[in-house]
Structure formats: C-alpha cells, structure tokens
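The primary structure of each chain is shown beneath.
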Amino acid sequence: MTDTPEKQVSEDNSGPLAQRGGVAHTRRENNLGFYGWVSEIPASYGLFAFALLLLPAVVSSFVLSQIFSWALILGMIALSLMFLGGYGGMVSLSQMSVAGMAGYMLAILGNSAITDISIGWPWWLAVPVAIVIATIFCTLTGLLAVRTEGIYTIMITLAIAAAFFYFTRQNYVLFNGFSGFNGLAPPQLFGINWKSSVPFYYLTLFWAAAAYLAVLYVSRAPFGLALQGVRDNSRRMAALGFNVTAHRVAAFTFAGVIAAIGGILLVWLNGQISPGTIAINPAIDILIIAIVGGLRRPIGPFVGALIYVILRTFSLDILTSMGLAGERFQLLIGLVFLIIVYWSPDGVLGLWDRWRERARQRDPWKRSSNELSDRDELS
Amino acid sequence: MTSVADRLQAAGTANALELRGVSKLFGALAAISDVTLTVKPGERRAVLGSNGAGKTTLFNCITGDFLPTTGTIRLFGEDVTDFPAYERIRRGLRRTYQISLLFNALSVVDNIYLACRGVSRGRFSLLRPRTNDALMNSAVDLATAVHLLDFKDTLVSSLSYGQQRQLEIALALAGAPRFVLLDEPAAGLSPSERSELIEILNNLPSHIGYIIIEHDMDVALRVSESVTMMHNGLIFKEGSPLEIESDPEVQELYLGSGHE
C-alpha cells in the first residue's frame, strides 16, 4: 500500500548520526543470535525440566494425568492470556472459549460418540483445521476487543465467552446442546496408545514446553518487543511508524494458536467437551491461574495452573479430614488465592523474585552483582 | 492516496511541509485557528510563543496524533490530512515529545531498536535479530551519537531526566528522517547538555529539516534560520531570527518590554 516512500526509508537505516559517530559497532553479546537466547532460561530450569521428564517413573498414573497433564494444559491456555495481558496489556477472558472452539471443532470434524454430527475426518486433517478455526475465532475476538482499553477489553471478551457458552448450550444441530460430545480420544500412532497416561503426559509436556519456549523467544523478537512498546506507550508506537491496532490483533492471533493447541489436548484428556467446559467459571479460572502464577514471565501461568489443579483435586480430602463439609472446596481454593494475591499482587513469581532479592541482599559477595543478568531473566 | 506519478512529479518541487487553513477546535476552544505554514526541505525553523499559543497542538496535527478540524496538511507534496500517524512517520516525518514518551520497561537500545524497526520492514517479525543485525547496529550507533552508549542496556526507568531527553532525540532520528518536529528538546537540560543538543542539531545532514519549539531564545535562535511566532492559536509573525528579535511588537509581546 505504501511502496515508494517506505523503500527509501528502509534503504538507509544507519541514520544520519551514524556517519558522524565514527565508533566501531559494539555488538550486544547476550540475547542475540539464533541460539544464544536459550541462555535466558535460568540454569535451574534445566534440573526442573529433567525432573519433569523423569516424573512418570515416580508418580502414579492418576497423579500424572489428573494433576500434571491437566496443569500443563491449563497452563498453556493461561499462557495465551499471559502473552496478551503481560506483554500486550490486554486482559482477555475469552481464551477458554478459544480452547473450547478448537475442542468443539475437533469433535465435529473428527470422530466422537455422537456419530450423527461428527464428520469423521482423520486426525491429521481435523486437528490442524480445528486449530485454524479457533485461531480465526481468537483473531476476530481481538478485532472487536482492541478497539477498547482496560476494563472494557475484559467486558467485551467476557461477553464473547458468555455468548459462545450459551450458543453451544442451545445449538443442537452443530454443538449438540447441553450434552456436547464424548468418546473423543487421541489417535493411535506409531503403535502407541496416546490416551494412556504416560504417553499423553509426554505429549502435553512437549506442547507445553514448545508454547513456553515460543513465547519466551518471541518476547524479544521485533513482534514481541513492539507489543511491549504498545503496552507501555501506544501513542509513541504510532509516532514511530507502528500500526498499533494491527499489532494488537496479531497478538490475539498468536495467543489463539497456543490456546487452540491447549484446547485440543484438553478434549483428549477429558474424552469429552460440553458447554460446562467453556462456561463463565472456567473462563474466570484461567484468569485466576494467570494472575496467581504471575503475568510477568511465561513460567507464571504454569505455576498458577499447578497450584490450581492441586487445590481442585485435594481440597475435598483436606476439608473432610478436618471434619468439614466436602462441598465447600471452592471456599478453600478462594482463600488460598486470596492469600497469595494479598501478599503478592504479581503472583507467586513476585513472591519468588522478592525472596531471591532478599537472599541476595544478605549475601555480601553477591550484593554488587550487576543488574544485567537479573533483568534478562525478568524479561 | 495519490498515484506514483503524482508523487514523482511532486518530489522535485514539493515543500517539506505545507499547512493550509489548519484549525483544531476542542469544543468551543480553538487551540489553533487557520494556520497556514510552508516549510522548504532542509529548512530549520523555530516556533516561538507563550504557553497556550498552540505550538504543541500544531505538532499533534502535523504528526496525526489527532486530526485537524479543518484544513489540509501536505508532507513532501502528498496530502496526508487523513493519514494515521504511522503512515506519516513511514514517509520520513519524526517527532519528539515535550514530556518524554518512552518505553520505561525496556532498555535504551531496545527503545532505539523499536524506533528503527518502526520505519523498516519486518515489524511483525517473529525472529529475533541476529548477532550482526543491521538495525540493532544502527540502534547502537544512535545510542553512541546521543552519548548513551554506556547506558545502552539500562532500563529507561532508571535513566536521569537529561538522558531521557537525549533518548527522545535518538528515537526521532531513527531510520532515514526527512523532517523532524522537536517539541522543547532543551527543556530541563543543564547548560552543558544544552550545548550538546545544539551541536547534535547543527550537525544534522543538511537535507533534514526541522521545526523546533523552544522557550530558550539562545537555543532557538542558534539552531534555526527562520522563526514563526504564534500567539493565541494564530501565526503572529514570520521572519529571520534577526528580524524577529528586533521586531518591536514581538519584543512587546514575548520578550517583555524590558528587553533591549
């Protein structure tokens, strides 16, 4: 659309002052290069990753699928919210709907127990198409939402989540109404039953790690940097030549892919999808997970998801063992979240950062260590 | 949008900036009214005027931060009146802000890198810059030029006020600027920082023109070859620095009657 002037401009990017400066190019050593960026991941994460890989040898299959696989999937969906909220400054409550859209599309296009509706495409066709449709859905949500700011973005995305929930509940032709779809399962591939807990755990671990690394990588790529620029100062971004609206919409597209992959895994884990999966409560749970974990770094949503899933699974046992009524489990979950957010508005990550900072202050040898390494881990 | 042929024809003869009857109303208040202004390519002009004279509003209309109520704005011959800000910037317009608008959570070099990226392709690139990335190198060069090389990895939020003002200028010089709007770049700077600023402006390549809003007459008259006086949203007087300085009406209004 703007061919001629832009070409001229991009021809010489060294700027007028470059010739004058006469200083040899000082290269940024860290964070650059295609492989150097892995150094941003703290070394302790290597141990952590190793532990995650060995996990199936230690824990029961119930804990593996109902705690860890579930936490990884919810963490991915919350990660898509973290990307929008943390880097883009746009809090979206419709990320669970995007995941649900992917799940529903997989059920409709692929195989399920509801043979009247399901078309029966093979998985290698149904899965990509479902992800594409869900990503388009997320992009359209973004197109509506980016016209607004702050609390209005939350309201618009909440309205979209509510509308999609009621639509799936009342539409029987396509979404099979109240009962939804069951009999969904991951395909048999390479002679492995991917539904059994250990292979499925590794499947979710792979995709969760891929999503985490993708977000970490993109956060320092031009697209991610510009998104943070839009978050900090959208007016200045426009005055630097960025189309702020297009950038925000593209962020929704990127987040949509992550949420959609999470949605596919979610229906494979549960074996079913119904309006209850994408109701207002689960949509808000995703926000809670992201906030409790922390919106500042992509690891936060996974921490939040693990806390959430553990509480969801064991609060009933804890309550009954204390002689209280088991149906009050939501109260316990709510209390724990209240405590975390009260003590640390930026979630568990914020608590961790402050604890580390205090430990560093106590250690006289590390007190003067430079700010640089600290900042890179934070970004 | 004008055709390529139109643009080519205009390129040789066009003024850098041409405002015709530009007004901006905020409700009943006319921040600027019927401003007609022509600036030639490479011209360096100072805009003077008391607070509320409409200088910053004029800048906001030119960059497209908001649209004028009436009038047309031409940039290098092209009618950009209805263009969003980013389209004007991509055509070689730049500006600095009176109150620094920076990205506080990012480092100095990342701020400049964003400015370089904004006027080139690959704004949506998902790939990180490579070790010898041209834009990253030019960002480092710009940091050098505004004396911020030692602070290139410092977060903007921990820079001093003067350093933030220098970074403002670096952002406005990214890419290949053709015309720069400087909104009180010297405000709050120390005398030595001021002379550094004057040096940077006087050393700009001659094809880069600018308009500078400046209250400090010493700075304004040393970096400009023509002066526009504004008063109450109107253009009050135009002329060379000498003419303006010696104009009795200007002295009365702006410099104060005690000025010799």
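Residues numbered from 1 in each chain as written. Chains lettered and ligands numbered in written order. Predicted model: local features only at pLDDT ≥ 70, side-chain atom pairs only at ≥ 80, totals over all residues.

1. Notes on the overall build of chain A
Item 1. On a plain count of helices and strands, chain A comes out with 16 helices and four strands.
Item 2. For chain A, the residues scored as buried account for 44% of the 379 residues in total.
Item 3. Put simply, 73% of the contacts in chain A that link residues at least 6 apart link residues at least 24 apart. (Helix = DSSP H or I, 4+ residues; strand = E, 2+ residues; numbered from the N terminus. Buried ≥ 20, exposed ≤ 12 C-beta atoms within 10 Å, placed from the backbone. Contact = placed C-beta atoms within 7 Å.)

2. Some thoughts on the overall build of chain B
Item 1. Along the backbone of chain B there are 10 helices and 10 strands.
Item 2. Computed over the C-alpha atoms, the radius of gyration of chain B is 19 Å, within 12% of the 18 Å expected from 2.2 N^0.38 for a compact globule of 260 residues.
Item 3. Structurally, chain B occupies a C-alpha span of about 60 × 50 × 35 Å along its principal axes.
Item 4. For chain B, with 260 residues in total, the buried portion stands at 50%. (Rg over C-alpha atoms; globule rule 2.2 N^0.38 Å.)

3. Observations regarding the domain arrangement of chain B
Residues and elements named next belong to chain B.
Item 1. Per the domain assignment, the segments of chain B are domain 1 (1–6 + 15–92 + 177–260) and domain 2 (102–176).
Item 2. Summarising the inter-unit geometry, the C-alpha centres of domain 1 and domain 2 are found 25 Å apart.
Item 3. With 12 residues of domain 1 at the contact, the number on the domain 2 side is 13 residues.
Item 4. Where the side of domain 1 that touches domain 2 is concerned, the elements lending two or more residues are helix H3 (85–90) and helix H7 (191–202). (Domains from an automatic or database assignment.)

4. Some thoughts on unusual backbone geometry
Residue and element names in this part refer to chain B.
Item 1. A positive phi angle, close to 50°, is found at Asp34, a residue other than glycine.
Item 2. With respect to the element layout, Asp34 can be found in strand E2 (residues 29–39).
Item 3. Given 15 C-beta atoms within 10 Å, Asp34 falls into the partly exposed group.
Item 4. Positive phi is not limited to glycine here, since Asn232 has a value of about 50°.
Item 5. Tracing the backbone shows Asn232 in the loop between strand E9 (226–231) and strand E10 (234–239).
Item 6. Residue classification places Asn232 among the partly exposed residues on the basis of 14 C-beta atoms within 10 Å.

5. Brief notes about helix H9 (residues 222–232) of chain A
Item 1. For H9(A), the buried fraction is high: 10 of the 11 residues fall into the buried class.
Item 2. Taken residue by residue, H9(A) has A:Pro222, A:Phe223, A:Gly224, A:Leu225, A:Ala226, A:Leu227, A:Gln228, A:Gly229, A:Val230 and A:Arg231 as its buried positions.
Item 3. Where H9(A) is buried, its residues contact helix H4 (61–87), helix H8 (197–218), helix H10 (234–238) and helix H11 (244–270) of chain A together with helix H4 (108–118) of chain B.

6. Describing the sheet that holds strand E7 (residues 179–183) of chain B
Residue and element names in this part refer to chain B.
Item 1. Taken together, the six strands give an open sheet; going across it, the order is E6-E7-E8-E3-E9-E10, and neighbouring strands pair in mixed fashion. Single-partner strands in this sheet number two, and they are strand E6 (93–95) and E10. Direction aside, neighbouring strands of the sheet carry axes that sit 20° apart on average.
Item 2. Of the strand pairs in this sheet, E7 and strand E8 (residues 209–213) are connected by five bridges, and their pairing is parallel. Bridge pairing in E8 links Leu182 to Ile212. (Pairing = 2+ DSSP bridges. Axes fitted to C-alpha atoms, helices over the stretch in contact; angles between N-to-C directions.)

7. A word on the pairing of strand E4 (residues 70–75) of chain B
Residues and elements named next belong to chain B.
Item 1. Looking at chain direction, strand E1 (residues 17–26) and E4 are connected through five bridges and run antiparallel. Bridge pairing in E4 places Arg20 opposite Thr72.
Item 2. Of the strand pairs in this sheet, E4 and strand E5 (residues 78–79) are connected by two bridges, and their pairing is antiparallel. Paired with Leu75 across the bridge in E5 is Glu78.
Item 3. Between the antiparallel neighbours E4 and E5 lie two residues, among them Phe76 with a positive phi of about 50°.

8. Side note on the pairing of E8(B)
All names here are of chain B.
Item 1. Of all five residues that make up E8, five are buried, and the element is covered over most of its length.
Item 2. With burial as the criterion, each face of E8 is covered, one bearing Gly209, Ile211 and Ile213 and the other bearing Tyr210 and Ile212.
Item 3. Looking at chain direction, strand E3 (residues 44–48) and E8 are connected through four bridges and run parallel. Within E8, the position partnered with Arg45 by the bridge is Ile211.
Item 4. After leaving E7, the chain enters H7 and then returns to the sheet as E8, a path that is right-handed. (Right-handed = clockwise from strand over helix to strand, strands pointing away.)

9. Concerning H4(B)
Item 1. Buried residues dominate H4(B), accounting for 11 of its 11 residues.
Item 2. Turning to H4(B), its buried residues number three or more, namely B:Val108, B:Val109, B:Asp110, B:Asn111, B:Ile112, B:Tyr113, B:Leu114, B:Ala115, B:Cys116, B:Arg117 and B:Gly118.
Item 3. On the buried face of H4(B), the contacting elements are H9 of chain A together with H3, helix H5 (134–145) and helix H6 (161–172) of chain B.

10. Remarks on the sheet that holds E1(B)
Item 1. Read across the open sheet, the four strands follow the order E2-E1-E4-E5 (chain B); overall the sheet is antiparallel. Among the strands making up the open sheet, the edge pair consists of E2 and E5 of chain B.

11. As for the packing of H9(A) against H4(B)
Item 1. Packing of H9(A) against H4(B) leaves a shortest axis separation of 10 Å and a crossing angle of 105°. Looking at the two axes, H9(A) sits roughly perpendicular to H4(B). Of the residues in H4(B), those touching H9(A) at A:Pro222, A:Leu225, A:Ala226 and A:Gly229 are B:Asp110, B:Leu114 and B:Arg117.
Item 2. Split into classes, the residues belonging to the contact of H9(A) with H4(B) amount to four nonpolar, one polar and two charged. (Parallel < 35°, antiparallel > 145°, perpendicular 65-115°, else oblique. Nonpolar A, V, L, I, M, F, W, Y, C, P; charged D, E, K, R; others polar.)

12. So, the nonpolar core
Item 1. The biggest cluster of nonpolar side chains holds 180 residues, and the ones touching the most others in it are A:Ala102, A:Ala130, A:Ala134, A:Ile264 and B:Ile112.
Item 2. Mapped onto the domain boundaries, this core takes at least three residues apiece from domain 1 (1–6 + 15–92 + 177–260) and domain 2 (102–176) of chain B.
Item 3. Once residues within four sequence positions are removed from consideration, B:Ile112 is found in contact with B:Ala139, B:Leu142, B:Ala143, B:Ala170, B:Leu171 and B:Ala174. (Core = buried A, V, L, I, M, F, W, Y, C linked by C-beta atoms within 7 Å.)

13. A word on the confidence of the model for chain A
Item 1. This prediction gives chain A a mean pLDDT of 80; 84% of its residues lie at or above 70.
Item 2. A low-confidence stretch, residues 1–34 of chain A (pLDDT under 50), is modelled with 72 contacts involving residues beyond four sequence positions or located in other chains. (pLDDT = per-residue confidence, 0-100.)

14. Remarks on the packing of helix H12 (residues 280–293) of chain A against helix H15 (residues 347–362) of chain A
Residues and elements named next belong to chain A.
Item 1. Viewed as axis vectors pointing N to C, H12 and H15 meet at an angle of 5°, and their least axial separation amounts to 3 Å. If you check the angle between H12 and H15, you find them roughly parallel. Side by side, H12 and H15 meet where Ile291, Val292 and Gly293 of the first sit next to Gly347, Val348 and Leu349 of the second.
Item 2. Counted by class, the contact of H12 with H15 contains four nonpolar, two polar and no charged residues.

15. Side note on the environment of A:Met101
Residues and elements named next belong to chain A.
Item 1. Following the sequence through the fold, Met101 ends up in helix H5 (residues 95–109).
Item 2. Residue classification places Met101 among the buried residues on the basis of 27 C-beta atoms within 10 Å.
Item 3. As for Met101 and Thr168, which are separated by 67 residues in sequence, their C-alpha atoms are 9.7 Å apart.

16. Describing the environment of B:Arg45
Residue and element names in this part refer to chain B.
Item 1. As for its placement among the helices and strands, Arg45 is situated in strand E3.
Item 2. A count of 21 C-beta atoms within 10 Å places Arg45 in the buried class.
Item 3. C-alpha separation for the pair Arg45 and Ala134, spaced 89 residues apart in sequence, amounts to 32 Å.
Item 4. When near neighbours in sequence (up to four residues on either side) are disregarded, Arg45 contacts Val39, Ile211, Ser224, Ser226, Val227 and Thr228.

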